[in-house]
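# Structural features, examined
Residue-level listing of the chains:
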Amino acid sequence: MTTDNDDERERTEPDRTGTEDESTIEADGRSDGAGGTDETTETEPADSRGTRADGSGSDGNSGTGTSDDHGDEIDDESKRRQLDDVRESPDGEFLTSDHGVRISETDNSLKAGQRGPTIMEDFHFREKMTQFDHESIPERVVHARGTGAHGYFQPYEDPDLEGYDDVSELTKATPFQDPEQKTPVFVRFSTVVGSRGSADTVRDVRGFATKFYTEDGNWDLVGNNIPIFFIQDAMEFPDLVHAIKPEPDDGIPQASAAHDTFWDFASLKPEITHMIMWILSGRALPRAYRMMQGFGVHTFRLVDEEGDSRFVKFHWTPKYGTNQLVWDETQKIAGKNPDFNRQDLYDVIEAGHEPEWELGVQIVETDDADRFEFDLLDPTKIIPETEVPVQPLGRMVLNETPDNFFAETEQVAFHPGNVIPGIDFTNDPLLQGRLFSYQDTQLNRFNSANWDEIPINRPLAPRHNNQRAGFMRQEINAGTASYKPNSIGDEYPEEASAEDGGYEHYAEKIDGRKIRDRSESFETHFDQARLFWNSMSEPEQQNIVDAAHFELGKVDRMEIRERMVYDLFNNVDHDFAVRVAEGIGVEPPESPGEEMPTHDDADPSLSMANRTPETIETRKIAVLVDDGVDGDQVSEIRSTLEDEGARVEIVSETLGEKDGTGGDDAEGGEIEADKSHVTTGSILFDAVVVPGGEGSVDALLEQGDAKQFVSEAFKHYKPIAALGRGTELLSALDLPDVETAADGELVTDSGVVTCRSEETSAFLEAVIDSIAAHRHWDREPSEVSA
Ligand code: HEM
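Calculation rules
Residues numbered from 1 in each chain as written. Predicted model: local features only at pLDDT ≥ 70, side-chain atom pairs only at ≥ 80, totals over all residues. Helix = DSSP H or I, 4+ residues; strand = E, 2+ residues; numbered from the N terminus. Rg over C-alpha atoms; globule rule 2.2 N^0.38 Å. Buried ≥ 20, exposed ≤ 12 C-beta atoms within 10 Å, placed from the backbone. Contact = placed C-beta atoms within 7 Å. Axes fitted to C-alpha atoms, helices over the stretch in contact; angles between N-to-C directions. Parallel < 35°, antiparallel > 145°, perpendicular 65-115°, else oblique. Left-handed = near helix turned anticlockwise from the far one by under 90°. Nonpolar A, V, L, I, M, F, W, Y, C, P; charged D, E, K, R; others polar. UniProt positions renumbered as here; feature names shortened; annotations may be inferred. Core = buried A, V, L, I, M, F, W, Y, C linked by C-beta atoms within 7 Å. Pairing = 2+ DSSP bridges. Near = placed C-beta within 6 Å. Expected span 1.5 Å × (residues − 1). Arc of directions from axis to C-beta. Domains from an automatic or database assignment.

## Describing the overall build of the protein
The helix and strand tally for the protein stands at 21 helices and 21 strands. Here the protein has a C-alpha radius of gyration of 30 Å; the compact-globule value for 786 residues is 28 Å, and the two agree. With the C-alpha coordinates aligned to their principal axes, the bounding extent of the protein is approximately 95 × 75 × 60 Å. Here the protein holds 786 residues, and 47% of them are scored as buried. Restricting the contact set of the protein to residue pairs at least 6 apart, pairs at least 24 apart contribute 74%.

## Digging into the packing of helix H7 (residues 260–267) against helix H15 (residues 558–568)
Following both chains from N to C, one finds H7 and H15 inclined at 30 degrees, their axes separated by 9 Å at the closest point. Considering their axes alone, H7 and H15 lie roughly parallel with respect to each other. In terms of crossing hand, the pair formed by H7 and H15 is left-handed. Residue-level contacts link Asp260, Trp263, Asp264, Ala266 and Ser267 of H7 to Ile560, Arg563, Met564, Asp567 and Leu568 of H15. Counted by class, the contact of H7 with H15 contains five nonpolar, one polar and four charged residues.

## Some points on the UniProt feature "domain: Catalase core" (unreviewed entry) in the protein
Here the UniProt feature "domain: Catalase core" (unreviewed entry) sits at residues 96–492. Secondary structure across residues 96–492 comprises 20% helix and 19% strand; the distance between its end C-alpha atoms is 41 Å.

## Side note on the nonpolar core
Ranked by size, the top nonpolar core spans 116 residues in total, and within it Met275, Ile276, Met277, Met564, Phe569 and Val572 carry the most contacts. Sorting elements by how many residues they give to this core places helix H8 (residues 273–280) first, with six residues. Apart from residues lying up to four places away in sequence, Met564 is in contact with Trp263, Ala266, Ser267, Leu552 and Phe569. Core analysis: the next-biggest nonpolar cluster, separate from the first, contains 49 residues, Ile616, Ala622, Val623 and Val629 among them.

## Some thoughts on the pairing of strand S21 (residues 752–755)
Neither face of S21 is open: one carries Val752 and Thr754, the other Val753 and Cys755, and all of them are buried. Summarising the sheet, strand S19 (residues 720–723) and S21 pair through four bridges and their orientation is parallel. Looking at S21, one finds that Leu723 is bridged to Cys755. Strand direction decides the pairing type here: strand S20 (residues 746–749) and S21, joined by four bridges, are antiparallel. Counterpart to Thr748 in the pairing with S21 is Val753. The hairpin turn running from S20 into S21, its antiparallel successor, is two residues long, and Ser750 in that turn takes a positive phi close to 50 degrees.

## Remarks on the site of the ligand
The local shell around the ligand holds 26 residues, among which His143, Arg188, Gly207, Ala234 and Val297 are the closest. At the level of secondary structure, the elements contributing two or more residues to the shell around the ligand comprise strand S4 (183–191), strand S5 (206–214), strand S6 (217–224) and helix H12 (429–446). No other element matches H12, which puts seven residues into the shell around the ligand. Grouping the amino acids of the shell around the ligand by side-chain chemistry returns 13 nonpolar, nine polar and four charged.

## Observations regarding the pairing of S5
Most of S5 sits out of view: nine of its nine residues are buried. Neither face of S5 is exposed, since Arg206, Phe208, Thr210, Phe212 and Thr214 on one face and Gly207, Ala209, Lys211 and Tyr213 on the opposite face are all buried. Here S4 runs beside S5; their pairing, made up of seven bridges, is antiparallel. Bridge pairing in S5 links Val187 to Thr210. Note that S5 and S6 share eight bridges and pair antiparallel.

## Some words on the sheet that holds strand S17 (residues 675–676)
Across the sheet, which stays open at both edges, the seven strands sit in the order S17-S14-S13-S18-S19-S21-S20 with mixed pairing between neighbours. The strands lining the two open edges of the sheet, one partner per strand, are S17 and S20. Helix H19 (residues 704–715) contacts strand S13 (620–624), strand S18 (687–690) and S19 of the sheet and is inclined by roughly 135 degrees relative to S18.

## Focus: helix H14 (residues 538–553)
End to end, H14 covers 22 Å across 16 residues, agreeing with the expected 22 Å (1.5 Å per residue, within 8%). The complete set of buried residues in H14 reads Glu540, Asn543, Ile544, Ala547, Ala548, Glu551 and Leu552. Projected down its long axis, H14 carries its buried residues within an arc of 145 degrees, all on one side. Pointing more than 90 degrees away from the buried face of H14 are the exposed residues Glu538 and Gly553. Contact partners of the buried residues in H14: H7, H8, helix H9 (327–336), H15 and helix H16 (574–583).

## Examining the domain arrangement of the protein
One can read the domain layout of the protein as domain 1 (1–73 + 462–503), domain 2 (146–262 + 293–446) and domain 3 (620–783). Contacts between the two partners involve eleven residues from domain 2, matched on the other side by eight residues from domain 3. Broken down by class, the residue content of the side of domain 2 that touches domain 3 amounts to three nonpolar, four polar and four charged.

## Examining the packing of H14 against H16
Between H14 and H16, the least distance of the axes is 9 Å, while the angle of their chain directions is 40 degrees. By the angle between their directions, the pair H14 and H16 is classed as oblique. In this structure, H14 crosses over H16, and the sense of that crossing is right-handed. Contacts between H14 and H16 involve Val545, Ala548 and His549 on the former and, on the latter, Phe576, Arg579, Val580 and Gly583. Tallied by class, residues from the contact of H14 with H16 come to four nonpolar, two polar and one charged.

## Looking at H8
Within H8, eight of the eight residues are buried, which leaves the element mostly enclosed by the surrounding structure. Taken together, the buried positions of H8 are Thr273, His274, Met275, Ile276, Met277, Trp278, Ile279 and Leu280. Packing partners of the buried residues in H8 comprise H7, helix H13 (527–535), H14 and H15.

Here it is in structure tokens:
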């Protein structure tokens, strides 16, 4: 408890170097800022650059016991320690009421007699039921479906930045300065359109939102897995979302753009064309959140100590490569495991893997901003990497799952307006509108301005201001002066100069008329859509055409389908427009659209075919077995793939132990099946391996589920491998245009690896290569029924 005894205080200068006596700040950190303590010597704010990062400075948050009060600089564990203070565990504890009274019975309500009515006085019943009645909060209006994880960001030691000797010449933002420092982050991935309970694998943009808990406050990089957006001005966002959400009369369809209102809107907005190309591509069907690129989308500014700025685009590049699912597979997964992406991230981190991304920037000096054929402020445009390379700054690692989905993943609240010194906005009119929208929407979700006090949102940096009260206020703000200017509180909390880490907006010169209009420089709508089309591999182009057949095939109104073909696609590429038209009952256009660019430019970085990693770490491999399998082969397959970081599961017709003595030497023991065909399917795996063993292979040949497993994996372009007699299962399926091994051979054909020789290690090497390639697009699976 503090008292307001201002007269006794005397003012001392704070130590700007960070060597200030910790005990003084720790004891007084919050009270000073709040404007009154008993018998304190009066200090300047404890928050100067040198001291804020340590636990004493953070103690300013201790109103709810959530401070990082360990006296250390911010490190990758700081947020965890802060959250530890609010974690509740029932282990070994009595059941109590919300107010700490021990409860003796929680299954029966208090009644007037065993069969009598419930009595009003039953405080335990009323409390339990009231809490339950109120335990949901509104879902996000967009991005309702998501999942999150904790981790850290660490800058590279001396990143090789072209044109800069040191990262500090680029930005003063603290998370980039010290390669020893790990800044805690919380990341939430999401789909955009579907409701909170919708399936993960729908065709949609994925959100990629990162909260950096820096010593200078929270920085939220609220991006997507696609580097551009549908619209150019925030004013259009409600229209876009109304068009793509379920139609207002029947509330159908859930989590899908494939209906009339979305394509009606799209067909009337040529600026959407570039984004539509990305949405129709495999980018909208990520294999996993850990296999997605992320982008800040808008052009931002980085600002250095001198106040000079340059433009940047942020890029996250995943260590595990950028990979996709195929459409048929996504639809089946949505039934078999609608939590596919959520579960994947959770399982992978729990298994000890650490999904990782490299953060890079494309840098454009202010004087260079006009050299492009597009406007840097237009969010429907990328800066092609052929023009400006991505320069790596550091890496982000996700290494911890949340303890509680609601408290952390649901309650995390991002806001692109959360920036720190060294990072600033541009006039991108979409970004500008977002700066309003997120703060506003959180008021709807949390019904309070105090959403920033919830532990997952609370910064590690100290917070002191005169924003007060409101629903569910957690902090106890001491002192009488909650206004400025004040003399009673000696002017605290005091504004910080730039030198003391105060945020100063980049002083951009603005000179313009007040006008509701759009710049002419935003008018080139088809150039980059064509660049994207040109950059795709042939299978990727076919995916786009197939996707358009599905999406527009679901559109009832012919005029909408026609507008998409004639007004948009035919202005991207004539052949593309014809191919789409042929699948959706639209008369193919006879000649290219009048606005179709003729350039053949391509940017290899846009194709996912160029983003496959060497590693197979985290890939999920099924080994199909039954009684009589060659257990030694199973063990060797498993250990070799697991040594490479892959996750292996044994799949059989039923769960339980399988006889593993089917090898030549009749050894191999028992093999435990992890999954049965009832609960899994090839769609939940990256690859399938069929080991030998006479009994096992004979059984598999009789099982429709086993044959379906392999055929479907083939249809979805996945790596398939078979060893010894296992190859007979593949031969029986008559996979089109695939050669399988004869006796004594090892054959790899279109990602199908078969081996009928003793060369198991050569076989496994070929299997690893085939898995690393992710999908084998050179197949012709259309004849395969699965
Ligand atoms: C004017 C355009 C936009 C508006 C008005 C807008 C508005 C919103 C709103 C209201 C939410 C829900 C926030 C919540 O309840 O927590 C949201 C979430 C989100 N938005 Fe936007 N958005 C816009 C454009 C964008 C763009 C261009 C991106 C990508 C760069 C983006 C990325 C996200 C992400 C990732 C989330 C989910 C955050 C989370 O995981 O909690 N939005 N947006």
